[in-house]
Each structure stands twice: as C-alpha cells, then as structure tokens.
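# Residue-level structure breakdown
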Amino acid sequence: MNIKETNYWLETVREPAHGTSEPLPEKVDVVVAGAGFCGLSAARSLARRGARVAVFEAEALGWGASSRNGGMVLTGMKLAVPTLISRYGRELVQRMYAASLESIDLVEQIAKEEAIDCAFSRCGHLEVACKQSHFDAYAASAARIQSEFSHPLRIVSRSELSEEIGSSIYFGGMVDETSAGLNPAQFVAGLARAAERAGARLYERTAVQDVKSLLAAGQRSFRVRTSRGIVLAKEVLLATGAYTSEATPALRRKVIPIGSYIITTEPLREDLARELSPRNRMIYDSKHFLHYYRLTPDNRMLFGGRAAFFPESERTVRESAELLRQGMVRVYPQLGDTRVEYVWGGTLDFTFDVMPHSGTLGGMHYALGFAGHGVAAATWMGVKLAGVLSGDSDDNPFSKIPFPAAPLGLRSGNSWALPLAGLYYRLLDYFT
Ligand SMILES: Cc1cc2nc3c(=O)[nH]c(=O)nc-3n(C[C@H](O)[C@H](O)[C@H](O)COP(=O)(O)OP(=O)(O)OC[C@H]3O[C@@H](n4cnc5c(N)ncnc54)[C@H](O)[C@@H]3O)c2cc1C
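One structure accompanies this document, and this report is about it. (Residues numbered from 1 in each chain as written. Predicted model: local features only at pLDDT ≥ 70, side-chain atom pairs only at ≥ 80, totals over all residues. Heavy atoms only, no water.)

## Observations concerning unusual backbone geometry
We note that Ala-217 has phi near 50°; this positive angle belongs to a residue other than glycine. Checked against the element boundaries, Ala-217 lands in the loop between β9 (208-216) and β10 (219-226). Its relative accessible area of 86% is what places Ala-217 among the exposed residues. In this structure, Asn-299 takes a positive phi of about 65° despite not being glycine. Secondary-structure assignment places Asn-299 in the loop between β14 (292-295) and β15 (301-308). (Helix = DSSP H or I, 4+ residues; strand = E, 2+ residues; numbered from the N terminus. Buried < 20%, exposed > 50% of the residue type's maximum accessible area, 1.4 Å probe, protein only.)

And the structure:
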C-alpha cells in the first residue's frame, strides 16, 4: 500500500493561519496556552471584549486534535443519560444537554459570522447497533432523551436501515438530525484568523514551559516562561487538551491521552458514495471501541477508530492503516478494491469520569475532557471561559462538577496501567 502518513484535512486548507512573527509582548491581560478550538475560540471572544491576548502554541496553530478529528459536530455527551442523571441530578444534566445543542449552533454561527469555508452541514448523525441488545436499548434511550430534554431521536429498524447506510452488518440505528459535519482543519484555521482579526496575537512554535503565580499588593498575576521568553499575564487559560504536558503537572495528572486513528480513501464515484451513505450522515457504531465514519466533502470515505490507551506514534499510525481498512471493508464490502490514500492519528482528551471539565487550578483557568465531542464542546467552552475571565457570572454546568484524579494510582502518562483500562473496555464490548 502506498499510503500518505499525513492528515488529509490539512491538505485541504486553502488559507493556513501562521500567527505573528513579532517579538513576544512583555505583559498581556491573558495568556492562552494551546491553539485548538478551545484556546482560539476563547482568544477570539476575549479579544472582541477588549482584552490583550497572547496565544502560545507549542507546534503549529491547530496542530493538536482540532485539525485531526472526524469533523463530527455532535449532540449530547459521551456518557448515557441515566448515568449522567444519577451522578449529577436532573437539573444540571438538563443544562449540560442544552449546552451540547447550543454548542452546535455556536459552531454554525461562528462559521457564518467569520465566513469560514469549512463545509459546515446539518447532515445529522446515525448511531448503528452492533448487537441486537444494543438496538433494543435505543428505544428507551430515545424516549428518555425526549422526556428529559424534549430532543427528538428517530429509531431506524433493521429493515429500514438501507435508507441510511449501505451496509447490512448492523441491527438497526438511531438518527439525530441536529448534529452536523465540517472540515475541522478549515474550521480551526478560520478560527485562528478570526481571533487575529479580533486583535489576539498568536505565536506558533512557542511552548509554555512553566507558570508561576505572583502576588503583589493583594493582586495575583502570572509569570509565564515560554520557549521564546517570559511574559507577564493577569490571567492564564490552559487549553492544551490531550497534549497537556509537565508544564502544568497538576492538570496533566487529570487527563488520559487516548490515541485514535483515521484513514481516508481515494475519492469515490458519486453513485458509490450515495450508496454507502445516502443521507451523508456522521456515523458511529455502538461499541466502546467504536468505529466512526463519514464522507468527506470530496466524497472520500473517512473511517476512524482503533482507540489506543497511549498517544499516537509513527508505528501505531502505520499499523492502523491496514487494521482500519479491514474494519472499513467489514462494514462496506463495496470498498474492498478501493485505495486508502491517507492515514493519521491524534490524541483525544479523556478524563477519569469521561466528562468535560472547566475551572481553575492554582488560579489558572482550564477546560478539557471533550473526548469525541470536542469540535462543538471545546469551541463552546472557549467562549464560556472568555466570559468568566471578562467578569460574566459562571453559568457553565461543567464547572460545577467534581474533577476526579486518577483512581487507584492509575495516573495519566503512566503507561503500565492504561492498557488495563483498554482491556476492560474490550471485555465490555465482548460481553454487553
Ligand atoms: C482522531 C481524532 C478524532 C476525533 N473525532 C472527533 C469528532 O469527530 N468530533 C468531535 O467532536 N471530536 C472529535 N475528536 C476530539 C476533538 O478533536 C478534541 O476534543 C478537540 O479538538 C480538543 O480541542 P482543544 O482545543 O481542547 O485541544 P487541541 O486541539 O488538542 O489543542 C491543544 C493544543 O495545545 C498545544 N499545547 C499543549 N501543551 C502546550 C504548551 N505547554 N504550550 C503551548 N501549547 C501547548 C498542543 O500542541 C495542541 O495544539 C477527535 C479527536 C481525535 C484525536
């Protein structure tokens, strides 16, 4: 196989954003660490409200998960609604669910307002059941989501499924028309340009190395040491996602970096593309180790999965190409002779309770834990953090919940324990 080991989406970016080559400022109001959806969305909102903002990105703008993902802009959260309600109570979960819907509107609004040509489309998502028991659970799940949040989902029986997907391996499906799709690399590049237009200064290849809290005349500020020099800031916002490093050790201990991989095929004939995905949905299956897939705007099949309890490496990316191709052909035997053109990997930001979180640590603000929902949730969280930093009252339901550290000494970055967690989820897929 002659496959490019590179992110397909990046090759579609027409106007990459590179930030400024100006020297670092001495002082700013807010330093943002990390230039993904979260950091850039926060920087855009803060700058629009008059703050002097410097965004420091260790690599290129949008280099992290934000340019590498499936581009699925999804409703809801990772955990099932009954689990959420038993943990956090009905009122808070209703606000969380409302936030998930609002976050999709926000992505659409930003794309429109900033004229970001990212192929945003309200195509809906389809979850497909890998087992009869999974399908049997859909009706109760849809009824609960309707009664708790007045949000409609449509159950698709096995006999009707060909209207949604050109695969016969599933036991049925569930459609949510509110979800959307976009080109994530175009969106994050557009967000960077929008933040710059609003007045934020973006610095690529500038890693935050450590942050010291200073107290003078009762006023707290921060001394931020970067790979290019020192900057003083009134506030610091950590938007470093799964790539959070030892520069902020307290936050690093709370993140589980999980690798995920994607392939894309060569462009498909229009009739084949329509056969595979008649309604152009964002599709994922019902397993814990799930596959997620969609057509790209130029009709390639983008197929992702192979979650791994360690960050991606050159070796795991290479191995993923054939494993994902086999997974894709199991779903779509029609693609048996189709060439895979690209493979890449990225790291997802999971937390130990599988929830997004925002709050403060050592006086610094942070938001992460978006897992497979970060396109919408990280963009929304950036705006919420900007609001809090600008003096708005904090109405963010995700800042109200406890943020657990690793249980039983299972620490983020401690690779001996994470594969055990992986094994646990594989067993769950086998038995449930
Ligand atoms: C393969 C894959 C598929 C996915 N699919 C989907 C999907 O279809 N839908 C969905 O909603 N979500 C999906 N996700 C998740 C989603 O992409 C993320 O949740 C989201 O992009 C997180 O955005 P972020 O801004 O918090 O972090 P990131 O985009 O990861 O940005 C963090 C940035 O911080 C930088 N950084 C880290 N430390 C420092 C430092 N010390 N100094 C300076 N910079 C630093 C990193 O270089 C990085 O660029 C997927 C993720 C992956 C990896």
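## Considering the side chain of Ser-260
By the element assignment, Ser-260 lies in strand β12 (residues 255-265). Within the local environment of Ser-260, its side chain forms a polar contact with the side chain of Tyr-292, the two groups lying 2.6 Å apart. Non-local contacts of Ser-260, meaning those with residues more than four positions away in its chain, are made with Tyr-292, Gly-305, Arg-306, Trp-344, Gly-345, Gly-346 and Leu-348. (Polar contact = N/O pair within 3.5 Å; in protein donor to acceptor, adjacent residues only side chain to side chain. Contact = heavy atoms within 4.5 Å.)

## Remarks on the pattern of salt bridges
Between side chains of opposite charge, pairing is possible as soon as their charged atoms come close. In this structure the tally under the stated criterion is 39 salt bridges. Between Glu-11 and Lys-4 there is a salt bridge, and its shortest N-O distance comes to 3.3 Å. Classification of Glu-11 as partly exposed rests on a relative accessible area of 45%. Here Glu-148 ties to Arg-90 by a salt bridge, and the two come within 2.7 Å at their closest N and O atoms. Here the residue Glu-148 occupies a position in helix α5 (residues 132-149), and Arg-90 occupies one in helix α4 (residues 90-113), the gap between them amounting to 58 residues. Judged by its relative accessible area of 44%, Arg-90 is partly exposed. Because the salt bridges share partners, they merge into one network encompassing Arg-154, Glu-163, Glu-164, Glu-177, Arg-279 and Arg-281. (Salt bridge = Lys/Arg side-chain N within 4 Å of Asp/Glu carboxyl O.)

## A closer look at a nonpolar patch on the surface
On the surface, a cluster of nonpolar side chains totalling about 210 Å² of accessible area is made up of Leu-214, Ile-230 and Leu-232. Looking at the secondary structure, you find Ile-230 in strand β11 (residues 229-238). (Patch = residues over 30% accessible without salt bridge, like charges linked within 9 Å, V, L, I, M, F, W, Y side chains within 5 Å. Areas by Shrake-Rupley, 256 points an atom, 1.4 Å probe, with all protein chains shown as cover.)

## Topic: the environment of Ser-286
In this fold, Ser-286 is placed in the loop between β13 (282-285) and β14. Classification of Ser-286 as buried rests on a relative accessible area of 18%. The spacing of Ser-286 and His-134 is 152 residues in sequence and 6.8 Å in space, taken between C-alpha atoms. Beyond its immediate stretch of four places on either side in the chain, Ser-286 contacts Glu-127, Val-128, Ala-129, Cys-130, His-134 and Tyr-138. Looking at Ser-286, its side chain comes within polar contact range of the main-chain nitrogen of Cys-130, at 2.9 Å.

Keep in mind that these numbers describe shape and distance, not what the molecule does.
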